[in-house]
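# Summary of the model geometry
Chain residues, written in single-letter form:
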Amino acid sequence: MGRQITVTGMSCEGCEQSVEDALEGVPGVNDAEADRESETATVEGDADEDALVRAVEDAGYDASA
């Protein structure tokens, strides 16, 4: 089971894809899955938590670990 971070501001599948793309661009991330219904993203890998939050925020969404 991966780590979950809270992501708010996703309203469609495109938003989920944007968050997943942003997270998968972080070094150490093997896979990422965003879910707008639960306002979470699950990340597989050993990436730095702060880097994950920054990547999502840079993509235009609010995030917290």
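Residues numbered from 1 in each chain as written. Predicted model: local features only at pLDDT ≥ 70, side-chain atom pairs only at ≥ 80, totals over all residues. Heavy atoms only, no water.

This next bit is on the environment of G28. Mapped onto the fold, G28 is located in the loop between α1 (13-24) and β2 (29-35). Taking the relative accessible area as the measure of exposure, G28 reaches 32% and is therefore partly exposed. (Helix = DSSP H or I, 4+ residues; strand = E, 2+ residues; numbered from the N terminus. Buried < 20%, exposed > 50% of the residue type's maximum accessible area, 1.4 Å probe, protein only.)

Further remarks concern a negative patch on the surface. A contiguous patch of negative charge on the surface is contributed by D21, E24, D31, E33, D35, E37 and E44. Elements represented by at least two residues in the negative patch include exactly α1 and β2. With 3 residues, the top contributor of residues to the negative patch is β2. Residue placement: E44 occurs in strand β3 (residues 40-45). (Patch = residues over 30% accessible without salt bridge, like charges linked within 9 Å, V, L, I, M, F, W, Y side chains within 5 Å. Areas by Shrake-Rupley, 256 points an atom, 1.4 Å probe, with all protein chains shown as cover. Salt bridge = Lys/Arg side-chain N within 4 Å of Asp/Glu carboxyl O. Lys, Arg positive; Asp, Glu negative; His and termini not counted. Charge placed at Lys NZ, Arg CZ, Asp CG, Glu CD.)

Looking now at the pairing of β2. Looking at chain direction, β2 and β3 are connected through 6 bridges and run antiparallel. Bridging from a neighbouring strand, V29 pairs with G45 of β3. In this structure, the hairpin formed by β2 and β3 is closed by a connection of 4 residues, where E39 is found at a positive phi of approximately 55°. (Pairing = 2+ DSSP bridges.)

Counting 21 residues, the largest nonpolar core has V7, V19, L23, L52 and V56 as the members making the most contacts within it. At the level of secondary structure, the elements contributing two or more residues to this core comprise β1 (3-8), α1, β2, β3 and α2 (49-58). Top element by residues in this core is α2. It accounts for 5 residues. In this structure V7 touches V19, E39, T40, A41, V56, Y61, D62 and A63, once residues within four positions along its chain are discounted. (Core = buried A, V, L, I, M, F, W, Y, C linked by side-chain atoms within 4.5 Å. Contact = heavy atoms within 4.5 Å.)

Any functional reading would require information that these geometric values do not contain.
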